[in-house]
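These are the residues of each chain, in order.
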Amino acid sequence: MTKIDLHIHSNCSDGSDSVDELAQKIKDSGIEVFALTDHDTTEGCRLMAEKFDKGFIKGVELTCLAEDIKCHILGYNIDPDNQKLKDLIAKGKILRRQKLETRIEYLKKVWNFEFTKDELDWLYSRKSVVKTHLACILVKRGLAENNIEAMKKYLDNCKTGNTRFDCKEAIDAIKSTGGTAVWAHPLGGEGEKHIGFADFIPRLEKMLKFGIQGLECYYSRYDMEEIDFLLSCAKKYNLVASGGSDYHGTNKDIPLAKLNTQNVPVSFNF
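Predicted model only: the values in this text are computed from it and were never measured.

Asks: Please clarify how unusual backbone geometry should be interpreted in this entry.
Replies: If you check the backbone angles, D40 has positive phi at about 55° while not being a glycine. Note that D40 resides in the loop between β2 (33–36) and α2 (43–48). For D40, a relative accessible area of 5% translates into the label buried.

Asks: Can you help me understand the pairing of strand β3 (residues 56–66) in this one?
Replies: Side-chain positions along a regular strand alternate between the two faces of the sheet. By the criterion of burial, β3 is predominantly enclosed, with nine of the 11 residues buried. For β2 and β3, the ladder comprises three bridges, and the chain directions are parallel. In the sheet register, A35 faces β3, and the bridge partner there is I57. Direction of pairing for β3 relative to strand β4 (residues 69–76): antiparallel, over a ladder of eight bridges. For V60, the partnering residue across the bridge sits in β4 and is G75. Across two bridges, β3 lies against strand β5 (residues 165–166) in parallel orientation. In the sheet register, L65 faces β5, and the bridge partner there is D166.

Asks: What's the story with the packing of aromatic side chains in this structure? I'm lost.
Replies: The description of an aromatic ring pair uses the distance of the two centres, along with the angle that the planes make with each other. Taken as a whole and judged by the stated rule, the model has eight aromatic pairs. Taken together, a centroid distance of 5.4 Å and an interplanar angle of 25° make the contact between W183 and F200 stacked. Linking W183 in strand β6 (residues 180–183) with F200 in helix α8 (residues 197–209), this pair joins segments that are 17 residues apart in sequence. Comparing W183 with F200 shows no difference in burial state: the two are buried. An aromatic cluster is defined as three or more aromatic residues linked by ring pairs; in this entry it consists of W183, F197, F200 and F229. Sitting over the ring of F52, K27 keeps its end group 5.1 Å from the ring centre.

Asks: For this particular structure, what's the right way to read the side chain of H185?
Replies: Along the chain, H185 falls in the loop between β6 and α8. Assessed through its relative accessible area of 10%, H185 is described here as buried. Excluding residues that lie within four positions of it along the chain, H185 makes contacts with H7, E61, H72, E216, Y219, Y222 and D246.

About the thresholds
Position labels on residues start from 1 in each chain and follow its written sequence. Given that this is a predicted model, residues contribute local features only at a pLDDT of at least 70 and side-chain atom pairs are listed and counted only at 80 or more, while totals for whole chains, interfaces and linings are drawn from all residues. Side-chain numbers come from the whole structure's heavy atoms, not from hydrogens or water. Runs of H or I in DSSP of at least four residues are treated as helices and runs of E of at least two as strands, each being numbered from the N terminus. Throughout this description, buried means an accessible area under 20% of the type-specific maximum (1.4 Å probe, protein chains only), exposed means over 50%, and partly exposed covers the range between. Here, any two strands with at least 2 DSSP bridges between them count as paired. Classification of ring pairs rests on two measures: the distance between centres of Phe, Tyr or Trp rings, Trp counted by its six-membered ring, which must be within 6.5 Å, and the angle between planes, read as stacked under 30 degrees, edge-to-face over 60 and tilted in between. For a lysine, the NZ atom is tested; for an arginine, the CZ atom; a charge sits over a ring if that atom is within 6 Å of the ring centre and within 35 degrees of the ring normal. When checking whether two residues touch, look at their non-hydrogen atoms; a contact exists if any pair is within 4.5 Å.

Below you can see the structure in the form of C-alpha cells.
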C-alpha cells in the first residue's frame, strides 16, 4: 500500500517546517506520493521540486468564496509559472496584507495588544500571512494555550471583509495550468463545526456549478462514516477523491499522512 499525503504545508505559508525540514520528514516517514499545498503561494513548490525526482505533486490551496460558501480549493499538478495563476497569487498577496492590517488594528483596539517591531518585521516578511501567524505570536506571549484557542478567542470576531478569491476565478486559474481543482475538507476543516450530510448536498451542487473537479474525502479530522459519505458523493458526481492530513508542523497537532481520525490505513486512486 502506497503511503500518500496530498495536503501538506511548509513555512512558505502557515506551516512551521522549512521546505528542507519538510522534505526530510517526508522521506523519513516513508511517504511515496505527496503534494505541497501552501496557502495562496507556490514558492515552496519550486524549492521542493529540486529535492524529489518522483512522487512530488506541485500544489496550492486557494482561499475562496463561492457566493455564500467560504471554502479552500486545492490545485494539484499545477504549473507555478502559469501567468494566470501567478496573477491570481499576486492579487492574493494584496488581499492578505489588507487582512493582516485589519487584524493588527483589531487586536490593538479591542484587546489592547501591540506587536513589537521584531514581530511585525516577521509578519511582513512572510510570503503568505494567515491567521495562524498572529496566533503563534499570541501563544508565545502566553495569551493562549495553542493556536486554535488563540484564534477563537482573539481573532475570530475580527471582521475583515471579503479578502478571498472568487471561487470560479480560482478554479479557472488552476485548470488553466493543466491542474485539477479539489474542494479541501468540504465538511469543515481544523477547528470548524462539521457540516451535516443533508446540508452538504446543496453546497456540493453549488460548487459543481463553479467547476469543482474533486473532493478531499480522506482527511485527518474526518471519521470513517464521513469519509464513506464523501466517497459516495465523489462516485455519484464523477469527482476525483483525494486525501491529505493538512499537516502544519508544530502549528497544528496533525501528523504527516494521517488521513482519518482512527488512523485506519486507506487506499485510493488519484
